[in-house]
There are 4 protein chains.
Amino acid sequence: MIKPVRSTTVDIRVRYAETDAMGYLHHAQYLVYFEQGRTELLRACGVRYRDLEERGLFYVVAKVDVQFRAPIRYDDVVTLKTTTERLTPVRVDHSYEITRSGKLLTEGRSTLVLVGRDGRPTTLPDDLRGMLLGVADDSPLD
Amino acid sequence: MIKPVRSTTVDIRVRYAETDAMGYLHHAQYLVYFEQGRTELLRACGVRYRDLEERGLFYVVAKVDVQFRAPIRYDDVVTLKTTTERLTPVRVDHSYEITRSGKLLTEGRSTLVLVGRDGRPTTLPDDLRGMLLGVADDSPLD
Amino acid sequence: MIKPVRSTTVDIRVRYAETDAMGYLHHAQYLVYFEQGRTELLRACGVRYRDLEERGLFYVVAKVDVQFRAPIRYDDVVTLKTTTERLTPVRVDHSYEITRSGKLLTEGRSTLVLVGRDGRPTTLPDDLRGMLLGVADDSPLD
Amino acid sequence: MIKPVRSTTVDIRVRYAETDAMGYLHHAQYLVYFEQGRTELLRACGVRYRDLEERGLFYVVAKVDVQFRAPIRYDDVVTLKTTTERLTPVRVDHSYEITRSGKLLTEGRSTLVLVGRDGRPTTLPDDLRGMLLGVADDSPLD
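This is a predicted model, so every value here is computed, not measured.

Describing the interface of chain D and chain A
- Between chain D and chain A, the residue contacts involve 23 residues of the former and 23 residues of the latter.
- Both faces considered, chain D and chain A share a buried interface measuring about 2000 Å² in area, 39% of it formed by carbon and sulfur atoms.
- It is R15, R50 and Y74 of chain D in chain D that bury the most area against chain A; as a group they hold 35% of the surface buried on that side.
- Here chain D is connected to chain A by 10 salt bridges.
- The partner of R50 of chain A in a salt bridge is D76 of chain D, and the shortest N-O contact between them spans 2.7 Å.
- For the interface between chain D and chain A, the tally reads 18 residue pairs in polar contact (both at pLDDT 80 or more).

Comments concerning the packing of aromatic side chains
- Summed over all chains, the structure comprises 20 aromatic pairs over all chains.
- For the ring pair Y16 of chain A and Y74 of chain A, a centre distance of 5.0 Å and an interplane angle of 80 degrees mean the geometry is edge-to-face. You can see Y16 of chain A sitting in the loop between β1 (7-13) and α1 (29-44) and its partner Y74 of chain A sitting in the loop between β2 (58-68) and β3 (77-87), a full 58 residues away along the chain. Per residue, the accessibility class of Y16 of chain A equals that of Y74 of chain A, and both read buried.
- Ring centres of F34 of chain D and Y96 of chain D lie 4.1 Å apart, and the angle between their planes is 5 degrees; this geometry places the pair in the stacked category. Of this pair, F34 of chain D sits in helix α1 (residues 29-44) while Y96 of chain D sits in strand β4 (residues 91-100), and the two are 62 residues apart along the sequence. We note that F34 of chain D, like Y96 of chain D, is buried.

Remarks on unusual backbone geometry
Residue and element names in this part refer to chain B.
- Of note, the phi angle at D75 is positive, near 75 degrees, even though the residue is not glycine.
- Locating D75 in the fold gives a position in the loop between β2 (58-68) and β3 (77-87).
- Accessibility expressed as a relative area gives 4% for D75, which makes it buried.

Quick notes on the interface of chain A and chain C
- Counting residues at the interface gives 21 residues for chain A, matched by 21 residues for chain C.
- For the pairing of chain A and chain C, the buried interface totals around 1800 Å² over both sides, and the portion due to carbon and sulfur atoms is 66%.
- Linking chain A with chain C are zero salt bridges, by the criterion used here.
- Our count for the chain A to chain C interface comes out at six residue pairs in polar contact (both at pLDDT 80 or more).
- Put simply, the parts of the chain that give the side of chain A that touches chain C at least two residues each are α1, α2 (49-54) and β2 of chain A.
- Here the element with the most residues in the side of chain A that touches chain C is β2 of chain A; it accounts for 11 residues.
- Residue composition of the side of chain A that touches chain C, by class: 13 nonpolar, three polar and five charged.

What counts as what
Residues numbered from 1 in each chain as written. Chains lettered and ligands numbered in written order. Predicted model: local features only at pLDDT ≥ 70, side-chain atom pairs only at ≥ 80, totals over all residues. Heavy atoms only, no water. Contact = heavy atoms within 4.5 Å. Buried area = accessible area lost by both parts, 1.4 Å probe. Salt bridge = Lys/Arg side-chain N within 4 Å of Asp/Glu carboxyl O. Polar contact = N/O pair within 3.5 Å; in protein donor to acceptor, adjacent residues only side chain to side chain. Phe/Tyr/Trp six-rings, centres within 6.5 Å; stacked < 30°, edge-to-face > 60°. Helix = DSSP H or I, 4+ residues; strand = E, 2+ residues; numbered from the N terminus. Buried < 20%, exposed > 50% of the residue type's maximum accessible area, 1.4 Å probe, protein only. Nonpolar A, V, L, I, M, F, W, Y, C, P; charged D, E, K, R; others polar.

Set out below in structure tokens:
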């Protein structure tokens, strides 16, 4: 059985199309990277986000903030660390750190809310709760 | 009653995020503009593409080609002309021209196929056929 | 002479490519809209951001936060209001509101820093300062 | 010394932001993948495209065509094969194939032209020509 994890890292190489006329990774693209980080964090817990959606469960972004400390360029390989800061049956808070060679380039945080097909908030089913939180220890990750 | 039209034009101002490190409109973004042109061409015929999808009808892109003749830059306002070249019950061919101050910058063509919710080709219902082709004159637009 | 303004609004129609599999405007795309709002706010003051860059002046995003209150869908026309909350010689704070039919859908804020070609912070030249702040009244917009 | 290669493959996992309301990989995004394929094909020859640009050499897309044979969905891992079909001192033709589990999903072709900082066509310097074509065998790759 896969044990729930709180953090994962993923290496991302910046595509040319993701840069702007300034030559840097465009600031909107960071949110796309963060989303990729969340997908991989779920996968590390044995959950495929695609399967959630097929069951009619959708995590929608309620808020996000980003601090851009140093620019990132085309072809750079950066490391994104995604951490679950708090998980409840209806929402989840994540934090993000992007580094290159150990230097912190970007920080971010987000809050997602779980909704059903009707777009209304719903709660995480028990099986998924177990996979994300652990079965024996039912306490929130924080 | 709205008369079917074969061509429409739309003016588009290039956003900063749509450029790349070379300072030009990124070549993938042209396909996004073409898609916007198709939406507006349908609207000029009185058809909202969003309503098509709510009825379970989806136009999927089967092929596309683009010739990039001259670059386009951030904050440029370009004119996109979208033309229906051929319309049958299951597919539609469009051509595209992007100009600025009358100078031709880009040409493109695409073929779309109409599919249902199951992803299989289907045929245009009679009411939509009438709006896109005209009621009295049922001959294809070409 | 164009008088400096603190706020502008721009109407934006959501493109199909800007939506995701959930059927909503993707949350990263909001930052692209905010950027478009800033371009138009500068233009309303008689300043073209493209000209700034040709003079070697670049506004880079230092931080941003967004609260997503209600979803936005393909083909929706939304109104983005962009406001300069604070302008100093080296940085500018903006706030953003997206509404549809008067209903507030999204709120955001950002801080931009002015840098030169070397990527180091620099100060706004006097002529631009005059256009953005007014000549007679040199006090910051806040 | 690295031997010039004609083809490389790269595996790509589809990000959520790259899908559209239909639930499929948006057709414009394929051009972004193709570009990633070209970057990796150059790298396999020992050439970093970023270094080309720092030397004032830019490959701009002159034309592209794509045939979409079967849809691709979020979280799918697809294999992109990029092949240099023809290389001359001023232009390069590539072909592309996207497959999943051996099934052909997409085909494409592009022509790129080498330009200098002034945007005018230029020729590949000898050192790069050697890396891309081989030193002993100076014949074009086709």
